[in-house]
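Residues per chain are reported as follows:
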Amino acid sequence: MEQAAGCPAVGGSYPQKNAEILSSQYGINLFLAGLLLTFAWAVHAVGISKSHLLSYLITLMLIQLLWMLWYLCRSCTQRRLIRDKDTHAGARWLKCGITLFAVITLILDSFKIGYYVDFSNCLSPTEGIFPVTHAVHTILQVYFLWCHAKDVIQSFKTLERFGVIHSVFTNLLLWTNGVLTESKHQLNEHKERLITLGFGNITIVLDDHAPQCNCTTTTLCSIFSQGIYYLYPFNIEYHILASTMLYVLWKNIGRKVEHHQQNKTPFKFHGITVGMIFGLIVLTSTIAIVVVYLIQIGGSKTKSELALTMFYLHAIFVLALMCTAGIVALLIYRLEDRSLDNSKNPARKLDAELLVGTAAGSWLLSWGSILAIICAQGHPKYTWYNLPYSVLVIIEKYIQNLFIIESIHREQEKVNDDIKTLRIVTLSRGSTLSLSPLYKEIHNGRAARGSGDIPCLLKGSVCGRENDGAGVAKEETSQDNSLGMHSASDFSFCSRNSVTNNKRRILKNIAAFLFLCNLSLWIPPAFGCRPEYDNGLEEIVFGFEPWIIVVNLAMPFSIFYRMHSAASLFEVNCKT
């Protein structure tokens, strides 16, 4: 029965708000149960094994698979219906990114299957079922997000809320499982390296979850076991991206969408050469630093100290450049008078919240390092480089967050109505010449792009035929005042347009440079280059176990921040 016209809000909004609260509580309890199960396995709780955790995750994935199949089938039967879409959600570049991570995740699953086959004599069957289920889950979920990430669900809303929130927290638990597994591996390697830095007073007990049997083919086992941990960073990013896209889908359920066409903002390499060159230099040098760091660290005390010093100096230089670029971009914004778009947008709101929330992870680590340097009694030489590094990490994220959040909230530049109707009128042999097509080229930014010259009409000159009579000359002379006024107006328009284009070019180069820098800074912690572990000073001040707990909690957020910032900066570059 339809709602009464006088009170639509009471009949419609209350049940939906109730469903939103119920589904969110269901998801949180689902996540907490899995989180405690993960923690119990990590600390070797009595009666809890890895097979229990994997069984729980397999069950969650199967439930999500059933819901996605039901949704896809229902969408297929109703494909002729016009559905509301959130044009801001599920951007194509974001879908391409999650597809890339998903492909590498499938490779990871194949490695896990091979690892299980080689150790099948002493591994639980769940360790073979899990990667197969996960591979099917990954393929179907990527297809689902490609087809339906923009949907604004208006039917079966209560059921869909539970299905989507179940998917969100399933991906968060898979992300947690990946983070924990990768962190335990990194921690074991860190414990083995500590002794080389002279911290022999720290008790080193390896947390070993290796199978208690021999491998059938030693070479393949070594490849699978080592390769798995190099692929985990991509699997971790895949699940956190999937959970954020699904969360936006959940927030859009039952939402009233304003029907307006969003301007497409494709990525173009034109005009960002400088930013790309400097960014690629940073990316290349970072990869080289990471390779040298991983080779040198743990070899000997001298080599480890040199590796840490090299890492800190490189990071300080990169962070200083990023701070400078961010400040320049913010100054350009202060010089512009453009309003902010404050319309309701779940995707944009989530982006801003994730930037600030995940930045807190690295801020926590930085303040811990600063406090350790201040309070420590002895300071090896390389630890002093940690002080400017930690300070710059805090400042750089602060500046970058301001730049990104303001960029995604700025309204796209609109052309003035007076300029749209501008018609440049000149005299040629006594006739009026309308040059609207030429303006269209100017408005689209194509005028004189190749040569860099402003068309002669906009400079105030007459581009007609050659004058061959005195009468025409007199006629032109009699129109000097009129042409003078047009020249001043046209010159003012061109100068403003030129300044605006220069600002946009600078901002696009800054966004491109910061995009590559954030990708560069994502690589070291994602692939095991973590000075927070290897420095050793913080572990002396705070204690080994407390500091390791802080690092293991904060590091996943710090790693995600860099990837999320890179994705946001890519969007900024497209919109600028």
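Please read all numbers here as calculations on a predicted model, not as lab measurements.

1. A few points about unusual backbone geometry
Thought 1: Phi is positive for His44, which is not a glycine, with a value near 60°.
Thought 2: Tracing the sequence through the fold places His44 in the loop between helix H1 (8-42) and helix H2 (50-77).

2. Digging into the side chain of Ser167
Thought 1: You can see Ser167 is positioned in helix H5 (residues 157-194).
Thought 2: When neighbours within four sequence positions are excluded, Ser167 is seen to be in contact with Gln64, Trp67 and Leu246.

3. Description of the pattern of salt bridges
Thought 1: As enumerated under the stated definition, the model contains six salt bridges in all.
Thought 2: With a shortest N-O distance of 2.5 Å, Arg74 and Glu160 are connected by a salt bridge. Here Arg74 is found in helix H2, whereas its partner Glu160 is found in helix H5, with 86 residues between them in sequence.
Thought 3: When its relative accessible area of 0% is taken as the criterion, Glu160 is described as buried.
Thought 4: Put simply, Arg334 and Glu406 hold a salt bridge, and the shortest N to O gap is 2.6 Å. Note that Arg334 is positioned in helix H8 (residues 301-335) and Glu406 in helix H10 (residues 386-409), a separation of 72 residues in sequence.
Thought 5: For Arg334, a relative accessible area of 52% puts it in the exposed group.

4. Here we look at helix H9 (residues 346-375)
Thought 1: A rise of 1.5 Å per residue sets the reference length of H9, with its 30 residues, at 44 Å; its end C-alpha atoms lie 43 Å apart and thus fit the reference within 8%.
Thought 2: The largest bend along H9 reaches roughly 25° and is located at Gly361.

5. Here's the deal with the packing of H2 against helix H4 (residues 126-148)
Thought 1: At a minimum axis separation of 9 Å, H2 and H4 run at an interaxial angle of 30°. Taken as axis vectors, H2 and H4 run roughly parallel relative to one another. Read as a crossing pair, H2 and H4 show a hand that is left-handed.
Thought 2: Here the contact of H2 with H4 is built from residues that sort into 17 nonpolar, 10 polar and two charged.

6. Some thoughts on the packing of aromatic side chains
Thought 1: Throughout the structure, instances matching the rule amount to 20 aromatic pairs.
Thought 2: Judged by centre distance (5.9 Å) and plane angle (70°), the ring pair of Phe311 and Tyr312 falls under edge-to-face. Of the two residues, Phe311 and Tyr312, both sit in the buried class.
Thought 3: Through a chain of ring-to-ring contacts, the aromatic side chains of Phe101, Phe234, Trp522 and Phe527 assemble into a single cluster.
Thought 4: For the cation-ring pair, Lys184 lies above Trp41, with the distance from its terminal atom to the ring centre recorded as 5.5 Å.

7. Quick notes on the environment of Glu20
Thought 1: Structurally, the position occupied by Glu20 is in helix H1.
Thought 2: The sequence separation of Glu20 and Ile253 amounts to 233 residues, and the corresponding C-alpha distance is 9.2 Å.

Definitions and cut-offs
- The numbering scheme is per chain: residues are counted from 1 as the chain's sequence reads.
- Only residues with pLDDT of at least 70 get local features here, since the model is predicted, and only at 80 or more are side-chain atom pairs given and counted; chain-wide, interface and lining totals rely on the full set of residues.
- To obtain the side-chain values, all non-hydrogen atoms of the structure were used and water was disregarded.
- A helix here means a DSSP run of H or I that spans at least four residues, while a strand means a run of E at least two residues long, and both kinds are numbered starting from the N terminus.
- Between two residues, a contact is recorded if the distance between any of their heavy atoms is within 4.5 Å.
- Salt-bridge detection follows one rule: a side-chain nitrogen of Lys or Arg within 4 Å of a carboxyl oxygen of Asp or Glu.
- When accessible area is computed with a 1.4 Å probe and restricted to protein chains, residues below 20% of their type maximum are described as buried, those above 50% as exposed, and intermediate ones as partly exposed.
- Multiplying 1.5 Å by the residue count of a helix minus one yields the expected span of that helix.
- We define the bend at each residue as the angle formed by axes fitted to the 7 residues ending at it and the 7 residues starting at it.
- Axis angles are defined between N-to-C directions and span 0 to 180 degrees, where every axis is a line fitted to C-alpha atoms and, for a helix, only to the segment in contact.
- Angular relationships are summarised with four words: roughly parallel below 35 degrees, roughly antiparallel beyond 145, roughly perpendicular across 65 to 115, and oblique for the angles in between.
- Note: crossing handedness is left-handed where the near helix turns anticlockwise from the far helix by less than a right angle, and right-handed where it turns clockwise.
- Note on residue classes: Ala, Val, Leu, Ile, Met, Phe, Trp, Tyr, Cys and Pro are nonpolar, Asp, Glu, Lys and Arg are charged, and everything else, Gly too, is polar.
- Stacked, edge-to-face and tilted labels apply to pairs of Phe, Tyr and Trp rings (six-membered ring for Trp) whose centres lie within 6.5 Å, assigned for plane angles under 30 degrees, over 60, and everything in between, in that order.
- Consider the ring centre and the ring normal. A charge sits over the ring if Lys NZ or Arg CZ is within 6 Å of that centre and within 35 degrees of that normal.

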